[in-house]
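Chain and residue survey
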Amino acid sequence: MFINNFTYNFVYCIDNLSRLTQPADLQLLQPKQVTLQVGQTPAQPETQPAEQFYEMGVEFHRTGQIDAAIQAYQSAIQRAPRFDSAYINLGLAFIQLGQLENAKDVLQQVLTLPDRLETPASVHTLAHYNLAIILERQGEPDEAIIEVRRALAITPNFELAQRLLQRLR
């Protein structure tokens, strides 16, 4: 089970993430060349844990290096296709870049995975909530209301979704 509160930190501050000017160190995402001793076998890039890529993505995301974060989240998902937190943050990164259709596709994928209860909201709740934000930004308030109601049906006390519903009415 992948539990990481960074996902929820991004939900709370998606519109307020600072953008730093330092370039992403994309070399961290590339497999390294290793000199082998006789009898050793090469480590495959796939053996690098999904969590490690996820944590790199979170750090890139936190520092405003969104393209690098996307690459890291995608690497995490490639290694662990059911890594729901990586999908959520990938969707948030796409939202930040204004790639709303990509974000919608990723968040829809979250809804095909098993739901996982978390605080302050389940993974499916977060997916529906973020889909509502996308639909609001696309000028589709009626569809946004449907998604935020789906979020609240799962987690009725999710304060962000309650506020979004009030704003959409």
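Residues numbered from 1 in each chain as written. Predicted model: local features only at pLDDT ≥ 70, side-chain atom pairs only at ≥ 80, totals over all residues. Heavy atoms only, no water.

1. So, unusual backbone geometry
Applied cut-off: Counting from the N terminus, the helices are the DSSP runs of H or I reaching at least four residues and the strands are the DSSP runs of E reaching at least two.
With an omega of 10°, the peptide bond between threonine 119 and proline 120 qualifies as cis. Looking at the secondary structure, you find proline 120 in the loop between α5 (100-110) and α6 (123-137).

2. Re the packing of aromatic side chains
Selection rule: Between the rings of Phe, Tyr and Trp (Trp by its six-membered ring), a pair exists once the centres lie within 6.5 Å; its type follows the angle of the planes, with under 30 degrees stacked, over 60 edge-to-face, and the other angles tilted.
What the rule picks out here adds up to three aromatic pairs. For the ring pair tyrosine 54 and tyrosine 73, a centre distance of 5.9 Å and an interplane angle of 45° mean the geometry is tilted. Of this pair, tyrosine 54 sits in helix α2 (residues 50-62) while tyrosine 73 sits in helix α3 (residues 66-79), placing them 19 residues apart in sequence. By the ring-pair criterion, three or more aromatic residues cluster together here, those being Tyr54, Tyr73 and Phe83.

3. Re the environment of valine 110
What counts is decided by this rule: Every residue pair with non-hydrogen atoms within 4.5 Å of one another is taken to be in contact.
Along the chain, the position of valine 110 falls in helix α5. Sequence separation between valine 110 and aspartate 84 is 26 residues, and the spatial gap between their C-alpha atoms is 6.2 Å. With residues up to four places along the chain from it excluded, the contact list for valine 110 reads Asp84, Tyr87, Ile88, Val123, His124 and Ala127.

4. Digging into α3
What counts is decided by this rule: Helix span, expected: 1.5 Å multiplied by one less than the number of residues in the helix. Under the scheme applied here, a residue whose accessible area is under 20% of the maximum for its type counts as buried, over 50% as exposed, and between as partly exposed, the area being computed with a 1.4 Å probe on protein chains only.
Relative to the 20 Å expected for 14 residues at 1.5 Å per residue, α3 spans 20 Å between its end C-alpha atoms, a close match to the ideal helical length. For α3, the full list of buried residues reads Ile66, Ala68, Ala69, Ile70, Ala72, Tyr73, Ser75, Ala76 and Ile77.

5. Observations regarding the confidence of the model for the chain
We apply this condition: As a per-residue quantity, pLDDT reports the predictor's confidence and falls between 0 and 100.
In the predicted model, the chain carries a mean pLDDT of 80, and the fraction of residues at 70 or more is 72%. Every residue in residues 1-45 scores below 50 in pLDDT, and together they form 78 contacts with partners more than four places removed in sequence or on other chains.

6. Re the nonpolar core
For soluble globular proteins, nonpolar side chains are generally found buried alongside one another. Quick note on the threshold: Here, nonpolar core refers to any group of buried Ala, Val, Leu, Ile, Met, Phe, Trp, Tyr and Cys residues whose side-chain atoms link them within 4.5 Å.
Residues Ile88 and Tyr129 are the most contacted members of the largest nonpolar core, which totals 51 residues. Mapped onto this core, the elements with two or more residues apiece are α2, α3, α4 (84-96), α5, α6, α7 (141-154) and α8 (159-168). Tallying contributions element by element places α6 first for this core, with nine residues.

7. Let's talk about the side chain of glutamate 147
Note that glutamate 147 resides in helix α7. Looking at glutamate 147, the relative accessible area reads 8%, which means it is buried. Non-local contacts of glutamate 147, meaning those with residues more than four positions away in its chain, are made with His128, Leu131, Ala132 and Leu135.

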